[in-house]
Amino acid sequence: MSTAYTVVTLVTAFFTGSAAVFYLIGHEYPKSQADMKRIPRKYVPALGSLLAAGTAGLLIGFAVPLLGTLAAAGLVLYFTGALVAHLRVGSRNLVGWAIFFVTVVADLVVNLLHHY
């Protein structure tokens, strides 16, 4: 299980960390997603900060397991909110969301199985 925990956590951290960078550098994709979901663009950096905090928590979780588990749970909540935002505006383009969601749920599961 230790190998699965390590691999899943590193993959999840890569995905969420990459997304955080795109949000924080002002890339056009997060802005267009915010527009499509009718979320004010002023919230894009805050959303990127949440992703960055979750990513950091996952990585710190290697040393402090509870923090990694809490970060994974927080990311599951983040992407649950993203689903709500998609559905609220009638968006059915959920492939990207599903990839992130499955990844963060898998990370939460391996965290729970590995540490508890």
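Numbering of residues starts from 1 in each chain and follows the order in which that chain's sequence is written. Note on the predicted model: pLDDT of at least 70 is required for a residue's local features to be given, and 80 or more for side-chain atom pairs to be given and counted; whole-chain, interface and lining totals, by contrast, use all residues. Note that water and hydrogens are dropped before the side-chain values are worked out from all heavy atoms of the structure.

Q: Sorry if this is basic, but what is going on with the packing of helix 4 (residues 65-88) against helix 5 (residues 95-115) here?
A: Pairs of packed helices are described in terms of their axes, by the angle between the two and the distance that separates them. Where helix 4 meets helix 5, the closest approach of the two axes is 9 Å, and the angle between their N-to-C directions is 155°. The angle between the axes of helix 4 and helix 5 places the two elements in the roughly antiparallel class. The element helix 4 and its partner helix 5 pack so that their crossing is left-handed. Mapping the contact onto sequence places Pro65, Gly68, Thr69, Ala72, Ala73, Leu75, Val76, Phe79, Thr80, Ala82, Leu83 and His86 in helix 4 and Trp97, Phe100, Phe101, Val104, Val105, Asp107, Leu108, Asn111, Leu112 and His115 in helix 5. Polar here means any residue other than Ala, Val, Leu, Ile, Met, Phe, Trp, Tyr, Cys and Pro, which are nonpolar, and Asp, Glu, Lys and Arg, which are charged; Gly is therefore polar. In the contact of helix 4 with helix 5, the residues fall into 15 nonpolar, 6 polar and 1 charged. In this analysis an axis means a line fitted to C-alpha atoms, helices contributing only their contacting stretch, and an angle means the value between N-to-C directions, from 0 to 180 degrees. We count a stretch as a helix when DSSP gives it H or I for four or more residues in a row; a strand needs E for two or more, and each element gets its number in order from the N terminus. Working definition: roughly parallel below 35 degrees, roughly antiparallel above 145 degrees, roughly perpendicular at 65 to 115 degrees, and oblique for all remaining angles. Left-handed is the label given to a crossing in which the near helix is rotated counterclockwise from the far helix by less than a right angle, and right-handed is the label when the rotation is clockwise. The contact criterion used throughout is that any non-hydrogen atoms of two residues lie within 4.5 Å.

Q: Before we go on, may I ask you to explain the nonpolar core in this structure?
A: Inside soluble globular proteins, nonpolar side chains tend to come together where they are buried. Joining through side-chain atoms within 4.5 Å is the link that ties buried Ala, Val, Leu, Ile, Met, Phe, Trp, Tyr and Cys residues into a set, and such a set is a nonpolar core. Relative accessible area decides the class of each residue, using a 1.4 Å probe on protein chains only: under 20% of the type maximum gives buried, over 50% gives exposed, and in between gives partly exposed. By size, the foremost hydrophobic cluster in this structure holds 17 residues, and its most contacted members are Tyr23, Leu51, Leu58, Leu75, Tyr78, Phe79 and Val104. Secondary-structure elements contributing two or more residues to this core are helix 1 (2-24), helix 3 (44-60), helix 4 and helix 5. Ranked by the residues each element gives to this core, the list is headed by helix 4, at 7 residues.

Q: When you look at the confidence of the model for the protein chain in this model, what are you seeing that I'm missing?
A: Low pLDDT means the predicted atomic positions in that stretch should not be read closely. One number per residue, pLDDT, summarises how confident the predictor is, and it ranges from 0 to 100. Of all residues in the protein chain, 99% have pLDDT values of 70 or greater, and the mean over the chain is 96. Element-level pLDDT for the protein chain is lowest in helix 2 (residues 28-36), with a mean of 94, against a maximum mean of 98 in helix 3.

Q: How should I be thinking about the packing of aromatic side chains in this particular structure?
A: When we look at a pair of aromatic rings, we describe it by the centre distance and by the angle of the planes. What counts as a ring pair is set by centres within 6.5 Å for rings of Phe, Tyr and Trp (its six-membered ring), and what kind of pair is set by the plane angle: stacked under 30 degrees, edge-to-face over 60, tilted for all other angles. What the rule picks out here adds up to 6 aromatic pairs. Centre to centre, the rings of Tyr78 and Phe79 are 4.9 Å apart; their planes meet at 75°, and the pair counts as edge-to-face. The exposure class of Phe79 is buried, given its relative accessible area of 6%. Counting every residue linked through ring pairs, the aromatic cluster contains Phe14, Phe15, Tyr78, Phe79 and Phe100.

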